2 protein chains.
Amino acid sequence: MGIIERKQRQKEEVRTAILEAAWQLVLQDGWQALSIRKIADAIEYSVPVIYTHFESKDALLMEFTREGFRQLNADLEEARDTAATPAAQLEAMAHAYWSFAVRNPEYYQLMYGLGMPTCETVRQILELVQFSQLNRAVIQALIREGRNPEADVMLKFTTYWSMLHGFVSIHMTSATHATDEFKQMVFSDLVKGVIKNIRD
Amino acid sequence: MGIIERKQRQKEEVRTAILEAAWQLVLQDGWQALSIRKIADAIEYSVPVIYTHFESKDALLMEFTREGFRQLNADLEEARDTAATPAAQLEAMAHAYWSFAVRNPEYYQLMYGLGMPTCETVRQILELVQFSQLNRAVIQALIREGRNPEADVMLKFTTYWSMLHGFVSIHMTSATHATDEFKQMVFSDLVKGVIKNIRD
DNA sequence: TAGTGCTTACTAACACCGTTAGCAAATATA
DNA sequence: TATATTTGCTAACGGTGTTAGTAAGCACTA
């Protein structure tokens, strides 16, 4: 036959066209300006077509959230593999995290800022679970070689993550008029502090 | 005369009615469901009346943002005055910050989550400047009695704030399925770590 | 090949939203 | 009492997410 295969392929093409058009619109005018109608206009299809690929606008945005975490996870793994010791790995990963946020502010905004994901939606994001595991593995290693090998991994991970996200979101909303140099200093201060905290 | 005074008073009453109605709607259905039309309906006035009190919906939301920071600042000052040493003060203030976020999730969401305030809008929030000063004063005192009296106050303040906000926002989005007890442990861990970091 | 289902994608509508122009009624002043 | 001014209204504009109903195209069978 091959007919249904071709249809499947064409459907997939439309789907990726939707995602690409949406991403272009977001790069141009931000998430707030993104609308189903504009996407439909960009891909030269009618509005309801989009609803055959995504249940709702929220579902479409969720797709980008997941993609954001996928890319972040990839960056983190790459950073981890550049260093040998757990402490150096975690430091590299922290910098990769920040770098990701700076290079992809649109993704980061969506991943944390908008929508305020509920407990239900969070559970559906597999990539977030992977993110958690990825970090916890390194932190676990760091704990083992530290002064307090019985420290709670989840506790230390949450501490670490809180610091990272707090730093990023405060600097992303431009609440402080800081130079890049200053931000770098604050960030190093943070990372060193948290690594010391984990090692105890 | 007294006529223009009465008018002024009546106008003020409508203004507070708008804010109160808006707040009720937010408590019921969240910020996302808030609309000018619903507010107008609740106060039994027509829609354009709201625009004689607030330039736009954003301006109305900004009013709540400022009120949120006003309340937060009051809580912080109260917490500060319960303790004697800078370290104890900062610890009390950190807990007050968290407590505020937990007790007023609607305010906290608006203050940080929505709208993604730009550099321009941030400058207009006087309360945010006060917040910064309030915290920096205590941190300055803590630095002076620490091992590194020449530490940068702004740097340490940003570290401190990043940690607080990161912790709150990560736990508010329910990204972790943590018990209150666990959250309390993480938080204490964080606060102790950051105070140690400031003292050095 | 003609006819029959089924899928696809469309138009058009619904119910909202923020915002504002234009007008009528109520009020204050002369 | 008559004029001027303020006040608050209706109704509209251009947008949003979402969906019901319909026409056209396609693959398949007789």
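Anything mentioned here points back to the structure above.
Residues numbered from 1 in each chain as written. Chains lettered and ligands numbered in written order. Predicted model: local features only at pLDDT ≥ 70, side-chain atom pairs only at ≥ 80, totals over all residues. Heavy atoms only, no water.

## A look at the overall build of chain A
The following threshold applies: Put simply, DSSP H or I for four residues or longer makes a helix, DSSP E for two residues or longer makes a strand, and each gets a number counted from the N terminus. When accessible area is computed with a 1.4 Å probe and restricted to protein chains, residues below 20% of their type maximum are described as buried, those above 50% as exposed, and intermediate ones as partly exposed. Here a residue-residue contact requires only that any non-hydrogen atoms of the pair lie within 4.5 Å.
Across its full length, chain A holds 10 helices and 0 strands. N-terminal to C-terminal, the α/β element order of chain A is α-α-α-α-α-α-α-α-α-α. Burial status across chain A gives 46% buried among its 200 residues. Looking at chain A alone, contacts between residues at least 24 apart form 68% of all its contacts between residues at least 6 apart.

## Focus on the environment of Lys192 of chain A
One can find Lys192 of chain A in helix α10 (residues 180-199). In this structure the C-alpha to C-alpha distance between Lys192 of chain A and Glu91 of chain A, which are 101 residues apart in sequence, comes to 7.9 Å.

## Quick word on the packing of helix α4 (residues 57-80) of chain A against helix α8 (residues 126-144) of chain A
Residue and element names in this part refer to chain A. The following threshold applies: Note on definitions: angles span 0 to 180 degrees between N-to-C directions of axes, and those axes are lines fitted to C-alpha atoms, for helices only across the stretch in contact. The cut-offs work like this: below 35 degrees is roughly parallel, past 145 is roughly antiparallel, 65 to 115 is roughly perpendicular, and the gaps in between are oblique. Each helix crossing is assigned a hand: it is left-handed if the near helix lies turned anticlockwise from the far helix by less than a right angle, otherwise right-handed if that turn is clockwise. The nonpolar class holds Ala, Val, Leu, Ile, Met, Phe, Trp, Tyr, Cys and Pro. Asp, Glu, Lys and Arg form the charged class, and all remaining residues, Gly among them, are polar.
The interhelical angle for the contact between α4 and α8, taken along N-to-C directions, is 20°, at an axis separation of 9 Å. In terms of their interaxial angle, α4 and α8 are classed as roughly parallel. In the packing of α4 onto α8, the handedness of the crossing is left-handed. Across from Arg66, Phe69, Arg70, Leu72, Asn73, Leu76, Glu77 and Arg80 in α4, the residues of α8 making contact are Glu127, Leu128, Gln130, Phe131, Leu134, Asn135 and Val138. Considering only residue class, the contact of α4 with α8 consists of 7 nonpolar, 3 polar and 5 charged.

## Quick word on the protein's contact with DNA strand D
The line we're drawing: Think of it this way: one heavy atom of a residue within 4 Å of a molecule or strand is enough to make that residue near it. Pairs of N or O atoms are called polar contacts if they sit within 3.5 Å, as long as, within protein, a hydrogen donor faces a hydrogen acceptor (for residues adjacent in sequence, only side-chain-to-side-chain pairs).
The local shell around DNA strand D holds 18 residues, among which Ser35, Arg37, Tyr51 and Lys57 of chain A together with Ser46 of chain B are the closest. Arg37 of chain A has a polar side-chain atom sitting 2.5 Å from a base nitrogen of DNA strand D. Contributions of two or more residues to the surface near DNA strand D are made by α1 (3-29), α2 (36-43) and α3 (47-53) of chain A together with α3 (47-53) of chain B. When grouped by side-chain class, the residues that make up the surface near DNA strand D number 10 nonpolar, 3 polar and 5 charged.

## A closer look at a positive patch on the surface
The condition that has to hold: Patch definition: residues with relative accessible area over 30% and no salt bridge; like charges joined within 9 Å; nonpolar side chains (Val, Leu, Ile, Met, Phe, Trp, Tyr) joined within 5 Å. Surface accessibility in these figures is a Shrake-Rupley result with a 1.4 Å probe; residues are shielded only by whichever protein chains are displayed. The salt bridge criterion pairs a side-chain nitrogen of Lys or Arg with a carboxyl oxygen of Asp or Glu, the two atoms within 4 Å. For this count, His and the chain ends are skipped, Lys and Arg are scored as positive, and Asp and Glu as negative. Taken as the charge location is NZ of Lys, CZ of Arg, CG of Asp or CD of Glu.
On the surface, a cluster of positive charge is contributed by Arg147 and Lys196 of chain A together with Arg147 and Lys196 of chain B. Relative to the elements of secondary structure, Arg147 of chain A occurs in the loop between α8 and α9 (153-172).

## Quick look at the environment of Phe54 of chain B
Residue and element names in this part refer to chain B. Residue placement: Phe54 occurs in the loop between α3 and α4 (57-80). Spatially, the C-alpha atoms of Phe54 and Arg15 are 8.7 Å apart, while their sequence positions differ by 39 residues. Contact partners of Phe54, with chain neighbours within four places excluded, come to Arg15, Ile18, Leu19, Ala59, Leu60 and Glu63.

## Some remarks on the protein's contact with DNA strand C
Surveying the vicinity of DNA strand C reveals 18 residues, the closest of which are Ser46 of chain A together with Ser35, Arg37, Tyr51 and Lys57 of chain B. Backbone atoms, meaning sugar plus phosphate, form 52% of the atoms of DNA strand C positioned within 4 Å of the protein. Within the side chain of Arg37 of chain A, an N or O atom sits 3.3 Å from a base nitrogen of DNA strand C. Here Tyr51 of chain B contributes a side-chain N or O atom positioned 2.7 Å from a phosphate oxygen of DNA strand C. Residue assignment for the surface near DNA strand C shows that the elements contributing at least two residues are α3 of chain A together with α1 (3-29), α2 (36-43) and α3 of chain B. Here the surface near DNA strand C is composed, by residue class, of 9 nonpolar, 3 polar and 6 charged.

## Remarks on the pattern of salt bridges
All told, the structure shown has 16 salt bridges over all chains when counted by the stated rule. Taking the shortest distance from any N to any O, the salt bridge between Asp189 of chain B and Lys156 of chain A comes out at 3.2 Å. Placement of the pair is Asp189 of chain B in helix α10 (residues 180-199) and Lys156 of chain A in helix α9, with the two residues belonging to separate chains. Here the two residues Asp189 of chain B and Lys156 of chain A agree in accessibility, since each one is buried.

## Quick look at the nonpolar core
Short version of the rule: Working definition of a nonpolar core: buried Ala, Val, Leu, Ile, Met, Phe, Trp, Tyr and Cys residues. They are joined through side-chain atoms within 4.5 Å.
Core analysis: the biggest nonpolar cluster contains 127 residues, and Tyr97 of chain A together with Tyr97 of chain B have the highest contact counts within it. Leaving out residues up to four positions away in the same chain, Tyr97 of chain A has contacts with Leu72, Leu76, Tyr108, Tyr112, Phe131, Trp161, Leu164, His165 and Val168 of chain A.

## Remarks on the packing of helix α5 (residues 86-103) of chain B against α10 of chain B
Residue and element names in this part refer to chain B. Closest axis-to-axis distance for the α5/α10 pair is 10 Å, and the angle between their directions is 140°. Seen from above, α5 lies across α10 with right-handed handedness. Facing Ala87, Leu90, Glu91, Ala94, His95 and Trp98 of α5, the residues of α10 in contact are Lys183, Gln184, Phe187, Ser188, Val191, Ile195, Ile198 and Arg199. For the contact of α5 with α10, the per-class residue count stands at 8 nonpolar, 3 polar and 3 charged.

## Side note on helix α5 (residues 86-103) of chain A
Within an α-helix, residues lying three or four positions from one another point in the same direction, as the helix has 3.6 residues per turn. Operational definition: For a helix, the expected span equals 1.5 Å multiplied by the number of residues minus one.
A rise of 1.5 Å per residue sets the reference length of α5 of chain A, with its 18 residues, at 26 Å; its end C-alpha atoms lie 25 Å apart and thus fit the reference within 8%. Every buried residue belonging to α5 of chain A is among Pro86, Ala87, Gln89, Leu90, Met93, Ala94, Ala96, Tyr97, Trp98, Phe100 and Ala101 of chain A, and all of these are buried.

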